[in-house]
Amino acid sequence: MFEFFFKYPIPVFTKGKYILLGAWPGWLLALLTAVAIGGLAWLIWRQIPEAAPRIRNWRAWLVWGLEAAMVALLLTLLWEPAITVAELKSQQNIIAVLVDDSRSMGIRDAGPDGAVSRDAPAVTREAAAVTTLEDGLLAGLGKKFQVRVYRLDAELTRLDKPNESAGSSAAVLKDLASESGLGPNAGATHINAGLQKLAAETSDLPVGAVVLLTDGAENGSGTAGGGIDLETINALHNRRLPVHTVGFGKEKAAHDLEMDDAVVAAKAMADSRMTATVSFHQRGYAGQKATLDVKDGDKLLATKAVTLDKDGLDQSETMFFNAGEAGVKSIGFVLEGLPNEENTLNNAVTRLVDVSAEPRRILYVEGEPRWEFKFIRRAEAQDKGVQIVSMLRTTENKIYRQGIADPSELADGFPTKAEDLFKYQAILIGSVEAGYFTPVQQELLREFVDKRGGGLLFLGGRFSLGVGGWVSSGDADLFPTFLPSEKGTFKRENATVQLTAAGAESPITRILDDRAANMERWRKLPYLNDYQDPGAPKPGATVLAQMIAGRAMPLLVTQNYGRGKTAVLATSGTWRWQMNAAPDDPSHDLFWQQLLRWLAADSPGQVVATLPQQTLMDEGQLKLTAVVRDKEFSAAADAKVTAHVIGPDGLSEMVDLTPVPNTPGTFAVDWTAEKPGSYVAEVTADSMGKDGRELGKDVVDFRREDGVAENFHTEQNRDLLEKLSQETGGRYWEQSELERLPREISYSEAGISVRDTKELWDMPVVFLVLLGLMSADWLLRRKWGVV
């Protein structure tokens, strides 16, 4: 229909350049048009006083507008308007046809004609693509171009031979989809890499355009968010190579649950409570109930009934579970299938968690004997994952040490050297005034958090927080609150406790798994018999619990600080949660165990090894990075760093990491996991000095999974295909439009092309517009009696 009115297809107008073929200059056309339109306006303005009353208003100017448009159109036609457009030369250019052969193309949700249909029997997406090619698309392209057919999955493979015709290419495709048994079985779709390879391999060939038949599933690891990266787009732009996409498969599943992601810490302490944020979406089950499970193999760690949100809407749930014993765990997050679900293979994801039995050592500095000190130590005595080393000030110049590893530990009091203090993963400071620490020790406290990455917790008490002079000390910014400077902020009065919204979601304060029951349990805890005003929370700080004593005040506040974290617990009365509770009530002990594990668990060692992702989908390329620090946690730029990688089939390989330029203490290596399976890399850093001593070790676990990514995002990704076509100068085609593709694909500047000039004056739409303007002018004049 468009060509009937405009004579040429749409690409002529979208890709062409408008010109005037007339001998007269364009500025003259503009001048004459302005003069003519102005003259008409002057004539009408002069005649308005003598015209009939009913036309002395907007009607007169409407007539002027119609006549002005006629004059402008007629003058433009005299200048012979035309359009020039690049057009591929016949039989001198190649059209590359790429057919997706990945596993998702084997889904049966397309009709025989390639379109999604409820009435017609469903065929695979690849079969529909082959049918589309055989039903005239390849033959139509072959009349004007040379056609090359490629199979696209994890690799790009040419199917036809140089001397084969378009018809035989279709036969090759048919064999691929049926008799050969080779497709669609590939476990990955790498559209991005395939287009890059095509652009590179055909750089010396006159490729005029690319036709891509696919469902749009892109799961290459090198693409951000499963899209087409800028490097590929630029490579196609440099060739002026348009990509025309043809989509197959449903754009929206009728009934499906799909897991999107599960975010969980890669490392954990043994027997610790872990939290995971699980995200998913669904179609066809809005408002229904589903069961979300967390599993370690066949062992159920946690389960939760969730109410499904609206179709297609991203939904997330927080799951709490116990890490269990030490070892590398493959934690599964599973949505149990619902009736009539089309694809259950996308209901689960797994994440690796390295659970360590190595205890964390926490230094507890207490300024006076008190019940809080006793009950904290008692709670942690039951936790094998934490060791409390305490120094209790009994008199002005005497301390009582407990939990020390040897007689020399803390023999001289609080450490004065970084290498001594940095052996601990966290520090508790009880009822101790700031003046107890020398300026050097106060600076060490700051570096312990900021540089070493340790955790620091301040407790309320007679000599702590604002009362203890910390507000005027050099460590005031370590506190997550603005400490009040006035005296008397420590009160021996009763206060009740309740969780905030943030505290209801935090693993620190999760005494009971059920959210509502946990909040209620906190409200019913025995009251505190003392409290201390910690001041207002700083920007970026998080208040997990508050206390009510006439007014609400923060009780437990946390913040990130440098590489570490700090917190304030503004009371010394949590011991009453144990003393005044039932003997079997674990609330007090569980809270303290979780708080101190949170404080110490993430404190890094001298060597920290990381990977961008622990699960490699279909590709084995990875970058292993290690940050190495000396005993004072300064960057160890001169270290020797090696990784011992153990993998499937007895793989054991030593790999050297090299320094990263401009980043002292950071080392990296690119490595490839050749086979699917689980891998362990132990990274060791040694000093390059004379002693050559070991600085530290770290272990990372990762896994390569092949063929799993194709189970997810199986709906047609039309957004990606439309964006790819738009950014390269092509277009997205519906199956019903493909009969026009062989003609419209000719308009391209790639390959061998010539610029053709197409006249516009004889387009039917021009005469229809001219006739419409004249008719409207005459009819309105007749209606208003001014003919």
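Rules behind the numbers
- Residues numbered from 1 in each chain as written.
- Predicted model: local features only at pLDDT ≥ 70, side-chain atom pairs only at ≥ 80, totals over all residues.
- Heavy atoms only, no water.
- Helix = DSSP H or I, 4+ residues; strand = E, 2+ residues; numbered from the N terminus.
- Contact = heavy atoms within 4.5 Å.
- Areas by Shrake-Rupley, 256 points an atom, 1.4 Å probe, with all protein chains shown as cover.
- Lys, Arg positive; Asp, Glu negative; His and termini not counted.
- Charge placed at Lys NZ, Arg CZ, Asp CG, Glu CD.
- Buried < 20%, exposed > 50% of the residue type's maximum accessible area, 1.4 Å probe, protein only.
- Salt bridge = Lys/Arg side-chain N within 4 Å of Asp/Glu carboxyl O.
- 1 Å grid on protein atoms, 1.4 Å probe; cavity = no way out; pocket = protein on both sides within 12 Å on 5 of 7 lines; lining within 4 Å.
- Points joined across faces, edges and corners; volume = space filled by probe spheres on them.
- Nonpolar A, V, L, I, M, F, W, Y, C, P; charged D, E, K, R; others polar.
- Core = buried A, V, L, I, M, F, W, Y, C linked by side-chain atoms within 4.5 Å.
- Pairing = 2+ DSSP bridges.
- Axes fitted to C-alpha atoms, helices over the stretch in contact; angles between N-to-C directions.
- Arc of directions from axis to C-beta.
- Polar contact = N/O pair within 3.5 Å; in protein donor to acceptor, adjacent residues only side chain to side chain.
- Phe/Tyr/Trp six-rings, centres within 6.5 Å; stacked < 30°, edge-to-face > 60°.
- Lys NZ or Arg CZ within 6 Å of the ring centre and 35° of its normal.

Visitor: Looking at this model, I keep getting lost on the overall build of the chain. Mind explaining?
Guide: Assigned secondary structure in the chain consists of 18 helices and 40 strands. In terms of overall dimensions, the chain has C-alpha extents of about 110 × 80 × 60 Å along its principal axes. Contacts in the chain between residues at least 24 apart in sequence constitute 73% of all its contacts with a sequence separation of at least 6. Surface accessibility of the chain: about 36000 Å² in total, with carbon and sulfur atoms responsible for 54%. Positive and negative side-chain charges in the chain, numbering 84 and 105 respectively, have mean positions lying 5 Å apart.

Visitor: Would you mind showing me how to read the side chain of D530 here?
Guide: Summarising the element assignment, D530 is placed in the loop between α13 (515–523) and β26 (531–532). Buried and unpaired, D530 has no salt bridge, with R492 as the nearest side chain of opposite charge at 4.1 Å. With residues up to four places along the chain from it excluded, the contact list for D530 reads F490, K491, R492, E493, T571, S572 and G573.

Visitor: Is there a simple way to explain empty space enclosed by the protein in this structure?
Guide: The method is simple in principle: a probe with the dimensions of a water molecule rolls over the atoms, and the space it marks as empty is what remains. Across all of its chains, the model carries one cavity of 30 Å³ or more by this definition. For the largest cavity, the calculated volume is near 40 Å³. Lining of the largest cavity is provided by L622, L624, A643, V645, V655, V669, W671, A681 and F702. Elements supplying a minimum of two residues to the lining of the largest cavity: β33 (621–628), β34 (640–647) and β36 (666–672). Classifying every residue of the lining of the largest cavity gives nine nonpolar, no polar and no charged.

Visitor: Hey, could you run me through the nonpolar core in this one?
Guide: Note on soluble globular proteins: their nonpolar side chains tend to be buried together. L428, L457 and W592 are the most contacted members of the largest nonpolar core, which has 70 residues in total. The element best represented in this core is helix α15 (residues 587–601), accounting for six residues. Non-local contacts of W592, meaning those with residues more than four positions away in its chain, are made with E372, I376, A379, E380, L428, L457, L459, L569 and T574.

Visitor: Just checking my understanding: could you explain the pattern of salt bridges for this structure?
Guide: Where charged atoms from two side chains of opposite charge come close, those side chains can pair. Enumeration over the complete set of coordinates arrives at 43 salt bridges. Salt-bridge contacts for K250 lead to E342; the nearest nitrogen and oxygen are separated by 3.8 Å. On the criterion of sequence distance, the pair formed by K250 in the loop between β9 (243–247) and β10 (256–264) and E342 in the loop between β16 (327–335) and β17 (348–356) is long-range, its members being 92 residues apart. On the accessibility criterion, K250 (26% relative accessible area) is partly exposed. With a shortest N-O distance of 2.6 Å, R462 and E368 are connected by a salt bridge. One end of the pair, R462, is in the loop between β22 (455–459) and β23 (481–482); the other, E368, is in the loop between β18 (360–366) and α9 (371–381), with 94 residues separating them in the sequence. You can call R462 partly exposed: its relative accessible area is 40%. The exposure class assigned to E368 is buried, which follows from its relative accessible area of 12%. Linked by salt bridges that have partners in common, E251, R718, E722 and E734 make up one network.

Visitor: What is the right way to look at the pairing of strand β12 (residues 273–283) in this model?
Guide: Where a strand is regular, its side chains alternate between the two sheet faces. Relative to β12, β10 runs antiparallel, the two sharing eight bridges. Looking across to β12, one finds that V263 is bridged to T277. Alignment of β12 against strand β15 (residues 315–322), held across eight bridges, turns out to be antiparallel. The residue of β15 that forms the bridge with F280 is Q315.

Visitor: Looking at this structure, I do not really get the sheet that holds strand β28 (residues 542–548). What am I missing?
Guide: Within a sheet, adjacent strands bond to each other through the backbone by hydrogen bonds, running parallel or antiparallel. Spatial strand order, β20-β19-β18-β21-β22-β30-β29-β28-β25: nine strands in an open sheet with mixed pairing. Strands with a single pairing partner mark the edges of an open sheet, and in this sheet they are β20 (398–402) and β25 (496–499). The average undirected angle you get between the axes of adjacent strands in this sheet is 15 degrees. Sheet topology note: the strand β19 (residues 386–395)/β20 ladder contains five bridges and is antiparallel. Bridged to M391 within β20 is R401. Across the face of the sheet, α9 comes into contact with β18, β19, β20, β21 (426–429) and β22 while running at roughly 160 degrees to β19. The strands touched by α15 are β18, β19, β21, β22, β29 (552–561) and β30 (564–569); relative to β22, the strand with the most contacts, the crossing angle is about 140 degrees.

Visitor: Can you help me understand α13 in this one?
Guide: An α-helical segment advances 3.6 residues per turn. Residues three or four places apart therefore align on the same side. Considered for burial, the residues of α13 that qualify are N518, M519, R521 and W522. Projection of α13 onto a plane perpendicular to its axis shows the buried side chains occupying an angular sector of 155 degrees, all on one side. Close packing links the buried residues of α13 with β25, α12 (501–505), α14 (576–579) and α15. The distance from a side-chain oxygen at the start of α13 to the backbone nitrogen of A516 is 3.3 Å, and the residue carrying that oxygen is D514.

Visitor: Would you mind going over the side chain of S272 with me for this structure?
Guide: Residue placement: S272 occurs in the loop between β11 (267–269) and β12. Classification of S272 as buried rests on a relative accessible area of 8%. Once you skip the residues sitting within four places of it in the chain, S272 turns out to touch F321, N322, A323 and R597.

Visitor: In this structure, what is going on with the packing of aromatic side chains? I would like to understand it.
Guide: Two aromatic rings are characterised by how far apart their centres lie and by the angle between their planes. Applying the stated rule across the entire model yields 25 aromatic pairs. Plain terms: the ring middles of F4 and F5 are 5.1 Å apart, the flat faces sit at 85 degrees to each other, and that makes the pair edge-to-face. Take F5: its relative accessible area is 29%, and that puts it in the partly exposed class. Linked through ring pairs, F414, Y436, F437, F458, W470 and F479 together constitute an aromatic cluster. Sitting above the plane of the Y527 ring, R576 keeps its charged end 4.0 Å from the centroid. Looking at R731, its charged tip hangs above the ring of W733, at a distance of 3.9 Å from the centre.

Visitor: Looking at this model, I keep getting lost on the sheet that holds β34. Mind explaining?
Guide: Taken together, the eight strands give an open sheet; going across it, the order is β31-β33-β36-β35-β34-β37-β38-β32, and neighbouring strands pair in mixed fashion. Looking at the sheet topology across the chains shown, the edges are occupied by β31 (607–610) and β32 (615–617). Along the sheet, successive strands turn relative to each other by an average axial angle of 25 degrees, direction set aside. In this structure, β32 lies alongside strand β38 (residues 694–705), joined through three bridges in parallel fashion. Within β38, the residue paired with M617 across the bridge is E705.

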